[in-house]
Structures are given as structure tokens and as C-alpha cells.
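Secondary and tertiary structure notes
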Amino acid sequence: MLRCFRPVYLVFLLLWLVSACSQPLQSSAQQAEVVSSIREHYEERLSELPLSLQRHYAQRLYRMTGDEVFLPYNQHYAQQLISTLRRDLDSLAEEPDYLLYRDQALLQARSLRTVRQRQRVELLQAHPGMTFATDLVFRMIQLDYYGLLDSALGERSDPAFELLASMPFDEFVLSEKAVRHYAAQAANLVWFLQQLGVTDLREPFLARFQSIYPHDRDNLLSSQEFHNKIYGMTHIVIAASRYYQDTLPSDTFPWITDYFIDQLPRLLETATEDILAEVGISLALTDHIDHPAIGQLRQALTAAYDSDARMIPSPQGSTDFARGEHRNVLAVMLLSWPEELYPGPHIDPKMLEEFRYSQPVSAPEVEY
């Protein structure tokens, strides 16, 4: 009697195997379609975005693809960085009060839309001069990544580095409020300062971070605090990679990558798509691209995609084009992670002479 049912059993078994084997292919195809649609949506309107967001998108897509179509946006941004950097350094030499003046101007320009943004402004207000100093570090590291820092600074190099050496960055980044309310940006600043050769605060920062956010006390964290912890951890990895320019050995930050994998169910249930993408990118940067966690994160991002809007909406359902850029470019990166990264782009200073624009570069509102 069992023999009579064996052919039927084999048919069902074969059908199940075909389905199981085809699922990854279907998933990969669907992910490719999502990537293509988001890229078309953003790249056909990229010039409509503020300059800082054009750079944010084009720099990341260049580092994923090496495609020279993204060079003009980076050249445009580099030209503005050079212009504002030289203006500020010359003004610092001529006007004794310029640092605090620019510091206040940058503070006043920052958004107060969310609780987190207001907490950041309060933190920066408690450290006079730090808003300007962190903005200066950001511009210098971007020019360094472009291979333009030496030519951009010229004779201003010594005063620029002397100013940075005089700033109490340790008091700022190691403060509890910085880690609790500004973790991602503090991590960026720590690695930027080390990469520029100003000071190395990596070990004390990591010790401070882990003392404030020990893994065994997660149950005491609010949802916002938990996500700030995750966000800070992703930026430790991302900043160490020089923002998607270098891959890192798999054992570089095991306390981070093991934790991400362990916390994956909670993240998939509670985290925004921005955080999910950055967690996946952090795993990819540390040679975990083949881990099943990457597949689950990719599936979550694909499921969040809205085909009518041609993008991943915000958790509140917003499809605002500019505000969605950060979330969507990160999703594109994880869904189409390359076999190799493309450093730079390295820009020839002579090529910048043709790029003359008047649009100002404001303090970065995106996460670098």
C-alpha cells in the first residue's frame, strides 16, 4: 500500500524542492527590481535635492559602483568644501571672534524638528565652539577622502590642525550625553580625528560606549535609547571603514557584529528601515555578507518598498523625496552590495576649476 503512494509523495517532494530552490532566485530578482526602481526614481531627480543630499547619494553610489556618472556631484561638493574651508580659515586668522560667531550661526541653522535633534542642539550648546569644530573636521575628512586636503589647505594647513589640536574633543565625545544623544556622530568624530592624525580617542570612546550601553542591561533601555545604541554601533563600523571605502576583517568588532546577529529578531520587529540597512551594511563591511542575517535584512527592506512611490516610505508612511534619500540610498547599498568597494572618488584639483557654483554648503543634516 505504501508503494502506491510513493510516486505521489515523490511528486510533492520534487515540487517542494523546486519551490525551495527557486525562492532565493525569486528573492534576488525582486531585490534587483527594487534597487533599479529606487535608483531610477532618485537619479532622474537628483539635481532637485539640496547639494548635501546630492553628495550623500552620489558618494555612496560611487563607492558601490565606481560609476563615473556620479563624479560631477562629488566634484561640485568638493569645490564648495574648498571654498567654505578657505573662507573660514582666513576669517579665523583675521577675526578673533569668528569661531564663536560661526559656531552660533551653525547652531541656529540646525533643525529642531525632533526630540533627538533638540537634544543634540542642547548638547552642542553646552560645548561652545564644538559645532564649528566638528563641522570643520567633517569638511577636512571629506576633502581627505577625495585626495584634496593638502591642496585645499595649502599654507592654511598648520593653523587648521593647530585649531583642531586645541579643541577639547575628548571632553565632548566621552561625555555621557554625547554617547546617549549623539552616539553616531560622536563615533564619526572619533574616527575622523584619528584618520586626520589629530588625536586617537578610539579606545576610550569604545570603553565609554560599552560602559553606558552594556549588553546585559538592554532591558533598562527605552526603545529610543536601544535604537540610539544600535545606531552608534553601526557608525563605529562605518566610520572605521572610512565610510564604505574599506572592508574590515570579520573579527574587527565582534562585540558589535555578534550582538547585531543576536538581536536580529528584535531589530526586525522594532527598528526603522534606516537602522536595518545600516546594521546590514555593518555586517557586510565586516565580511559577514554571506550570513543569513543579511538575507533577512534584505527581505525586510524589500517588503517595505512601495511600488507606487518607487521608494521605501518612512515608518509613518511619508514618501517625501528629500527626507527619504538617506533611507533609500542605504537600502540600495545593502540590496546591491558589490564584490569590491571603490575608494574615493579621488579628484584631480585641476578638474575643479570648471566647477564654479554659488550654492552654499550648510552644516550636514544627514548622517555623513
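Look a little higher up for the structure.
Let me begin by describing the structure that accompanies this report. Keep in mind the model is a prediction, meaning the values are calculated, not measured. (Residues numbered from 1 in each chain as written. Predicted model: local features only at pLDDT ≥ 70, side-chain atom pairs only at ≥ 80, totals over all residues. Heavy atoms only, no water.)

Our focus in this paragraph is the packing of helix H11 (residues 183–196) against helix H12 (residues 202–212). At a minimum axis distance of 10 Å, the contact between H11 and H12 shows a crossing angle of 160 degrees. One way to sum up the angle between H11 and H12 is to call them roughly antiparallel. The hand of the H11/H12 crossing is left-handed. Between H11 and H12, the residues in contact are Ala 183, Ala 186, Ala 187, Val 190, Trp 191 and Gln 194 and Arg 202, Phe 205, Leu 206 and Phe 209, respectively. Here the residues of the contact of H11 with H12 sort into eight nonpolar, one polar and one charged. (Axes fitted to C-alpha atoms, helices over the stretch in contact; angles between N-to-C directions. Helix = DSSP H or I, 4+ residues; strand = E, 2+ residues; numbered from the N terminus. Parallel < 35°, antiparallel > 145°, perpendicular 65-115°, else oblique. Left-handed = near helix turned anticlockwise from the far one by under 90°. Contact = heavy atoms within 4.5 Å. Nonpolar A, V, L, I, M, F, W, Y, C, P; charged D, E, K, R; others polar.)

Counting 116 residues, the largest nonpolar core has Met 140, Phe 169, Trp 191, Phe 205, Tyr 244 and Phe 253 as its most contacted members. Ranked by residue count, the leading element in this core is helix H6 (residues 130–145), at ten residues. Excluding residues that lie within four positions of it along the chain, Tyr 244 makes contacts with Arg 60, Arg 63, Met 64, Ile 238, Ile 281, Leu 285, Leu 330, Met 333 and Leu 341. (Core = buried A, V, L, I, M, F, W, Y, C linked by side-chain atoms within 4.5 Å. Buried < 20%, exposed > 50% of the residue type's maximum accessible area, 1.4 Å probe, protein only.)

Before going further, it helps to examine helix H2 (residues 51–65). The terminal C-alpha atoms of H2 lie 21 Å apart, and with 15 residues this matches the ideal 21 Å at 1.5 Å per residue to within 8%. Here H2 lies mainly inside the structure; 14 of its 15 residues are buried. Directly beyond the C-terminal end of H2, a positive phi value near 70 degrees is found at Gly 66. (Expected span 1.5 Å × (residues − 1).)

Let us now look at the packing of aromatic side chains. A complete count under the given rule lists eleven aromatic pairs for this structure. On the numbers, 6.3 Å between centres and 75 degrees between planes, the contact of Trp 191 with Phe 253 is edge-to-face. Residue Trp 191 is located in helix H11, and its partner Phe 253 is located in the loop between helix H13 (223–240) and helix H14 (254–262); the two are separated by 62 residues in the primary sequence. The burial state of Trp 191 is the same as that of Phe 253; both residues are buried. Relative to Phe 209, the ring of Phe 205 lies with its centre 6.2 Å away and its plane at 50 degrees, an arrangement referred to as tilted. (Phe/Tyr/Trp six-rings, centres within 6.5 Å; stacked < 30°, edge-to-face > 60°.)

Attention now goes to the packing of H6 against helix H8 (residues 157–166). Between H6 and H8, the shortest axis-to-axis distance is 11 Å and the interhelical angle comes to 135 degrees. Judged by the inter-axis angle, H6 sits oblique to H8. H6 and H8 meet at a crossing whose hand is left-handed. Facing Phe 132, Ala 133, Leu 136, Val 137 and Met 140 of H6, the residues of H8 in contact are Ala 160, Phe 161, Leu 163 and Leu 164. When the residues that make up the contact of H6 with H8 are grouped by side-chain class, the tally is nine nonpolar, no polar and no charged.

Opposite charge on two side chains lets them pair, provided their charged atoms get close. A complete count under the given rule lists 13 salt bridges for this structure. The salt bridge partner of Glu 48 is Arg 45, with a shortest N-O separation of 3.0 Å. Overall, the relative accessible area of 28% leaves Arg 45 in the partly exposed class. Here Arg 139 makes a salt bridge to Asp 135, at a shortest N to O gap of 3.2 Å. Residue Arg 139 and its partner Asp 135 are both found in helix H6; the two are separated by four residues, about one turn of the helix. (Salt bridge = Lys/Arg side-chain N within 4 Å of Asp/Glu carboxyl O.)

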